[in-house]
Amino acid sequence: MSKRASRLVLLPAAGVLLAACGTPPAVELSAATGPAATELARAGGTSAPGAQEPARSPLRNAYFGDLHVHTSWSLDAWTFGHPMQNDPSVAYRYGRGDAITDADGNVRGQLRTPLDFMAVTDHDNFFGEVQLCQDAGAPTYDLPVCEEVRAGGGAAFMRHYGAANRNQRDPELCGSAEPGPGNRCDERAAHQWPLVQAMADAYYEPGVFTTFTAFEFTGSDRATGGWLHRNVFFRGEDIPPWGGGASIATRHSPERLWEWMDESCTGDCDVIAIPHNTNYGMGVVLAPNNADGTPFTAEILERRARREPLIEIHQVKGNSECAPGLLTSDEECNFEQVFEPCDPDAMPSSPELATASCTVASNFVRNALRTGLEVAAEHGINPFKYGLVGSTDDHRSMSGSADEQTWQGDFFGEIGATTPGSPLNNPGGLAAVWAEENTRDAIFDALRRRETFATSGPRIRVRFFGGWELPDDLHTRPDLVAEGYRRGVPMGGDLPGAPGAADAPRFVVWATRDANSAHLQKLQIVKGWDEPGGGSAEQVYDVACDGGRPPDPETRRCADNGAQVNLADCSPTGGAGAAELSAAWTDPDFDPARRAFYYVRVLENPTCRWTTWRALESGGGLPDGVPPAIKERAWSSPIWYTPHEGG
């Protein structure tokens, strides 16, 4: 019996439906497709069903997880047209590899490969409300609003959502519109918080499956309707009581949330927050000022940089890396976009409409990375020094279910007779870390130091090192990882000051495909830098093409490899792609006087989008407004360069 199957967890789980079951020399670019297999495999392993767990490694293993999962303890899980009476125990069991079944015993889903780590992040705003409506012993159980919630009524959710955005509670359900002591919903939330921790602790299996206590701060900006959402994660079992950090208690202020994190999480307690869905931010969440529009202060900048080292770049409600026409012409930014750019002369007048209409430049992570360089130049602190993760934002307790071929949709609407979900949504992504072992401390440390990468679903693995003295053939050597750590810095790190003989930093990148997904098409390095006199700029460099072909020296792009998809059956055609790509690259445009960041983007050959798979399954047509095929991808966390005194 495997370690995953051998552990018995006893927890109350009412309502659970679960079965236990050659470019120019000046560029200094080189690429290879089969190097370093022995050590890279040893230092980059990840678990699979029935496989032996990777041993603790000082060179660090790749672990994949989902840090954004909702269950029946989130109100909106009941109101998106498919109420799922699956509590956090189901989410944890599903994440570790168990199957979810319907009441009739049919298997609803099971991960092909179990997650290595995860967190349940149920919404703080409705934590008490949903419990009062689920508990048959509560005096509120038979209220009409609770009957509507249990029936999946969206109107009940919108009433609660509107009240929460006004920093109020539903007086019928909660006994008072004012939050605080004596409010039934707040009292029930405080009672439920220890159970959240107990669930996470019960399913934690050090070395096998890591869980974190977490919640979603569901803040919104009243003026624009822009989301200020972030997920809040605690390292271990030393966790403050419920109350002060919830979005209503902080009056939807991220600044007050960070203050609460500092004041309440002391001693052995450690906590971070990860913003998400910035594509819904309406220019507020990543603006170069506080959420209420006031100027940054040194204290707030320091606290923000310390408490929010990461950002979620991809999930079910769209991609937040970049968007065409919003400070970029990068053709690969047209990936899982939900909104068109806003017309400043036609902005919605109602905050309720704002997040469902359009998007702006400051909603996107790459633009925030650029803005961070400018803020650092002015204030000496970069509040947007983000490492990157992906996750699903699943609302069915189906953690890590990011596979296009099997995803059945997650939100409002229908595509065909049996497929719920907006066609603009997607299965979401995964968070990945490089950590010494699969434990809370090791994975939390990796999150803190930003040695993380994101994927749009496949388990692509990517390494990224930068330094001044990395050998130009390091990407071909079996000691790539050891030398990368010894002579450089990994993703998430800062380049040290340049030695006197160095003209420009060299970067080494290596990536391997997911055996259950497509072959790799190319590796790219995305660079951003601050401009003299203010502002910032960016450039995308293709650094490794499949088949060993060099990028064009003028366009800096790989030629199209001809890979396509046969939409009649989703089989691949054309270009072969690569199982592994690597490169050593020296920045040909380096200016030692300018702040800069660099991150890697890995692109697969095209594959069918989930809407195409569902159309083939149902025999229906493809929905309008979405592409039939996509390029799945991965993003590394950046490496930053800051001019040093005398540099």
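Criteria and thresholds
Residues numbered from 1 in each chain as written. Predicted model: local features only at pLDDT ≥ 70, side-chain atom pairs only at ≥ 80, totals over all residues. Heavy atoms only, no water. Pairing = 2+ DSSP bridges. Helix = DSSP H or I, 4+ residues; strand = E, 2+ residues; numbered from the N terminus. Axes fitted to C-alpha atoms, helices over the stretch in contact; angles between N-to-C directions. Buried < 20%, exposed > 50% of the residue type's maximum accessible area, 1.4 Å probe, protein only. Phe/Tyr/Trp six-rings, centres within 6.5 Å; stacked < 30°, edge-to-face > 60°. Salt bridge = Lys/Arg side-chain N within 4 Å of Asp/Glu carboxyl O. Polar contact = N/O pair within 3.5 Å; in protein donor to acceptor, adjacent residues only side chain to side chain. Contact = heavy atoms within 4.5 Å. Parallel < 35°, antiparallel > 145°, perpendicular 65-115°, else oblique. Nonpolar A, V, L, I, M, F, W, Y, C, P; charged D, E, K, R; others polar.

Attention shifts here to the sheet that holds strand 8 (residues 214-217). Pairing is antiparallel in the open sheet, where three strands are placed in the order 8-9-10. A strand with exactly one partner marks an edge of an open sheet, and here the two such strands are strand 8 and strand 10 (271-275). Strand-to-strand twist in this sheet, taken as the mean axis angle between neighbours without regard to direction, amounts to 25°. Direction of pairing for strand 8 relative to strand 9 (residues 230-234): antiparallel, over a ladder of four bridges.

Before going further, it helps to spend a moment on the pairing of strand 18 (residues 430-435). Buried residues dominate strand 18, accounting for six of its six residues. Residues L430, A432 and W434 line one face of strand 18 and the alternating positions A431, V433 and A435 line the opposite face, and both faces are buried. Bridge analysis of strand 3 (residues 61-66) against strand 18 gives five bridges, and the strand direction is antiparallel. Residue pairing in the sheet places F64 in a bridge with A432 of strand 18. Judged from the four bridges that link them, strand 18 and strand 19 (residues 452-455) form a sheet pairing that is antiparallel. By the bridge assignment, A431 is partnered in strand 19 with A454.

Because an α-helix packs 3.6 residues into every turn, residues spaced three or four apart end up facing the same way. Listing the buried residues of helix 13 (residues 440-448) in full gives R440, A442, I443, F444, A446 and L447. A positive phi of about 70° marks R450, the residue just after helix 13.

The full count for this structure, using the stated rule, is 26 aromatic pairs. Look at F215 and W242: their rings are 5.1 Å apart centre to centre, the planes differ by 75°, and that puts the pair in the edge-to-face class. With a gap of 27 residues between them, F215 in strand 8 and W242 in the loop between strand 9 and helix 9 (254-264) connect regions that are remote in the sequence. Like W242, F215 is buried. Residues W468 and F590 carry aromatic rings whose centres are separated by 5.7 Å and whose planes lie at 70° to one another, so their mutual orientation is edge-to-face. Highlighted residues: W468 in the loop between strand 20 (461-467) and helix 14 (480-487) and F590 in the loop between strand 27 (580-586) and strand 28 (596-604), separated in sequence by 122 residues. For the pair W468 and F590, a shared accessibility class is recorded, and that class is buried. An aromatic cluster of three or more residues is present, and its members are F127, W193, F215, F234 and W242.

The next point concerns the pattern of salt bridges. Enumeration according to the criterion identifies 48 salt bridges in this entry. K522 is the salt-bridge partner of D542, the closest N and O atoms lying 3.0 Å from each other. Of the two residues, D542 sits in strand 24 (residues 536-545) while K522 sits in strand 23 (residues 520-530), which places them 20 residues apart along the sequence. Given the relative accessible area of 6%, K522 is considered buried. A salt bridge links D589 to R556, with the shortest nitrogen-to-oxygen separation between them at 3.3 Å. Residue D589 is located in the loop between strand 27 and strand 28, and its partner R556 is located in the loop between strand 24 and strand 25 (564-566); the two are separated by 33 residues in the primary sequence. Taking relative accessible area as the criterion, R556 reaches 26% and is therefore assigned partly exposed. Beyond isolated ion pairs, a larger network of salt bridges with shared partners links R235, D262, D270, E299, E302, R303, R306, R307, D441, D445 and R448.

Here the focus is the sheet that holds strand 11 (residues 310-315). Taken in spatial order, the three strands of this open sheet run 12-11-15, and their pairing is mixed. Looking at strand neighbours, the two that pair on one side only are strand 12 (318-319) and strand 15 (387-390), the edges of this open sheet. Bridge analysis of strand 11 against strand 15 gives four bridges, and the strand direction is parallel. Among the inter-strand pairings, I311 is bridged to a residue of strand 15, identified as L388.

Tracing the sequence through the fold places Q315 in strand 11. Note on Q315: relative accessible area 1%, which makes it buried. Side chain to side chain, Q315 and N277 meet in a polar contact 2.5 Å long. Side-chain polar atoms of Q315 contact the backbone nitrogen of K317, separated by 2.7 Å. Setting aside residues up to four positions removed in sequence, Q315 forms contacts with H68, H276, N277, S391, T392, D393, N426, G428 and G429.

Another point: the pairing of strand 20. Taking burial as the measure, the seven residues of strand 20 include seven buried ones, the bulk of the element. Burial along strand 20 is two-sided: the face carrying R461, R463, F465 and G467 and the face carrying V462, F464 and G466 are both buried. With seven bridges joining them, strand 20 and strand 22 (residues 506-512) adopt antiparallel strand pairing. Opposite G466, over in strand 22, you have F507 as the bridge partner. Sheet topology note: the strand 20/strand 21 (residues 489-490) ladder contains two bridges and is antiparallel. What sits directly across from F465, in strand 21, is P490.

Now for the packing of helix 4 (residues 127-134) against helix 8 (residues 184-202). Where helix 4 meets helix 8, the closest approach of the two axes is 7 Å, and the angle between their N-to-C directions is 90°. With respect to each other, helix 4 and helix 8 are oriented roughly perpendicular. Contacts from F127, G128, E129, Q131 and L132 in helix 4 reach R184, C185, R188, A189, Q192, W193 and V196 in helix 8. When grouped by side-chain class, the residues that make up the contact of helix 4 with helix 8 number six nonpolar, three polar and three charged.

It is at 10 Å that the axes of helix 9 and helix 10 (residues 298-307) come closest, and there the two elements cross at 70°. By the angle between their directions, the pair helix 9 and helix 10 is classed as roughly perpendicular. In contact with E255, W258, E259, M261 and D262 of helix 9, helix 10 contributes I300, R303, R304, R306 and R307. Looking at side-chain class alone, the contact of helix 9 with helix 10 contains three nonpolar, no polar and seven charged residues.

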